[in-house]
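The residues making up each chain are set out below.
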Amino acid sequence: MKRADVIQELIGLIGAKSYLEIGVNRGETFHAVQCGRKVAVDPNFLFDVQQAEQRNKNAVYQQTTSDRFFEKSPKGETFDVIFLDGLHTYDQTLRDLLNAVTKVNAEGIIIIDDVLPSSYAASLPDLTLAERVKAITGEKDMSWMGDVYRLVYFIESFLQLYSYATVAENHGQLVMWRAGRNADDVGKMTSLEVAQAEFYKIVTYRDPLILQPFATILSRIKEDRSRT
Ligand SMILES: C[S@@+](CC[C@H](N)C(=O)[O-])C[C@H]1O[C@@H](n2cnc3c(N)ncnc32)[C@H](O)[C@@H]1O
């Protein structure tokens, strides 16, 4: 399942009117997604922004880092769906997530990309080091997910008021929505353990990912929304 397909279904499910994407690159996902109001944030768009602005009148392009974007975002600016796919380090994505939590509407959805690194090298937070390891070991797949996987443990242990699951049909998109979890379902890791979780942990201990078919995730969100 493509990133954009997952996002579009979620937009449809909740009738989202606004969409924020952090980390846009060539705009493959951003331009495929249809939504009333769209905001793209990237310090280095890999397309002609002026041309894109002409073509997409409902889209705003902010050529800046996510930190600067959140710094400047007006207090009342909120979004129904937020897709986090910027710098793939735990620290940066955690900051993006905590900012997103304050910017997402109560009934909204946050999606985090790349929570399932494809290899040890791909999970290294330092991109240069990841590329060096791949060159030496002869690993051909140049994907880089960094240590975003640590966010799974953070969400499990520290964001009790969100329910979440990871889409089973693709490379690892975690979907989260506002629906509190029972105290018993909250993870028991310390913040230090989360920050130091090694690659082997996400490979051998997958329960916290809550890998589920996308159809199940949609049903869960629907059910939780019907209760509020
Ligand atoms: C994996 S790409 C995004 C792919 C895109 N979401 C898609 O689905 O086609 C990651 C992007 O994050 C951007 N990026 C890097 N650091 C960033 C930051 N601090 N804030 C926002 N975006 C950042 C990079 O420039 C890059 O274009």
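Above this note sits the structure.
Let me sum up the structure you'll find in this document. (Residues numbered from 1 in each chain as written. Predicted model: local features only at pLDDT ≥ 70, side-chain atom pairs only at ≥ 80, totals over all residues. Heavy atoms only, no water.)

### Here's the deal with unusual backbone geometry
The backbone of Asp-114 shows a phi angle near 60 degrees, a positive value even though the residue is not glycine. Here Asp-114 shows up in the loop between strand S5 (104-112) and helix H5 (127-137). (Helix = DSSP H or I, 4+ residues; strand = E, 2+ residues; numbered from the N terminus.)

### Considerations on the site of the ligand
Taken together, 17 residues lie near the ligand, and Gly-23, Thr-29, Asp-42, Ser-66 and Asp-85 sit nearest. Measuring from a nitrogen atom of the ligand, one finds a backbone N or O atom of Gly-23 at 2.7 Å. Asp-85 places a polar side-chain atom, nitrogen or oxygen, 2.7 Å from a nitrogen atom of the ligand. Of the residues that constitute the shell around the ligand, the class distribution is 5 nonpolar, 7 polar and 5 charged. (Near = heavy atom within 4 Å. Polar contact = N/O pair within 3.5 Å; in protein donor to acceptor, adjacent residues only side chain to side chain. Nonpolar A, V, L, I, M, F, W, Y, C, P; charged D, E, K, R; others polar.)

### Things to note about the pattern of salt bridges
Following the criterion strictly, the structure yields 11 salt bridges and no others. Residue Asp-114 pairs with Arg-3 through a salt bridge whose shortest N-O separation is 4.0 Å. Of this pair, Asp-114 sits in the loop between S5 and H5 while Arg-3 sits in helix H1 (residues 3-14); the two residues are 111 residues apart in sequence, bridging distant segments of the chain. Assessed through its relative accessible area of 6%, Asp-114 is described here as buried. The residue Arg-225 makes a salt bridge to Glu-107 at a minimum N-O spacing of 3.6 Å. Of this pair, Arg-225 sits in helix H9 (residues 214-227) while Glu-107 sits in strand S5, and the two are 118 residues apart along the sequence. Given a relative accessible area of 42%, Glu-107 falls into the partly exposed group. Bridged by salt links that share partners, the residues Arg-3, Asp-113 and Asp-114 form one connected network. (Salt bridge = Lys/Arg side-chain N within 4 Å of Asp/Glu carboxyl O. Buried < 20%, exposed > 50% of the residue type's maximum accessible area, 1.4 Å probe, protein only.)

### Details of the pairing of strand S3 (residues 59-62)
Here S3 shows a clear split, with Ala-59 and Tyr-61 buried on one side and none of Val-60 and Gln-62 buried on the other. Relative to S3, strand S2 (residues 37-41) runs parallel, the two being bridged by 4 bridges. When the sheet's bridge partners are listed, Val-39 is paired in S3 with Val-60. As a crossover connection, the stretch from S2 through helix H2 (residues 49-55) into S3 is right-handed. (Pairing = 2+ DSSP bridges. Right-handed = clockwise from strand over helix to strand, strands pointing away.)

### A closer look at the packing of aromatic side chains
Under the criterion given, the structure shown has 8 aromatic pairs. Where Phe-45 meets Tyr-61, the ring centres are 5.9 Å apart and the plane angle is 80 degrees; that geometry is what we call edge-to-face. Separated by 16 residues along the polypeptide, Phe-45 in the loop between S2 and H2 and Tyr-61 in strand S3 bring together distant segments of the chain. Across the pair, exposure class does not vary: Phe-45 and Tyr-61 are buried alike. Taking 6.2 Å as the distance between ring centres and 70 degrees as the angle between the ring planes, the aromatic pair formed by Tyr-120 and Phe-199 counts as edge-to-face. Highlighted residues: Tyr-120 in the loop between S5 and H5 and Phe-199 in helix H8 (residues 199-204), separated in sequence by 79 residues. For Phe-199, a relative accessible area of 17% gives the class buried. Joined through ring pairs, the aromatic side chains of Tyr-19, Phe-30, Phe-45, Phe-47 and Tyr-61 make up one cluster. Of note, Lys-38 hangs over the ring of Phe-30, and the distance from its end group to the ring centre comes to 4.5 Å. (Phe/Tyr/Trp six-rings, centres within 6.5 Å; stacked < 30°, edge-to-face > 60°. Lys NZ or Arg CZ within 6 Å of the ring centre and 35° of its normal.)

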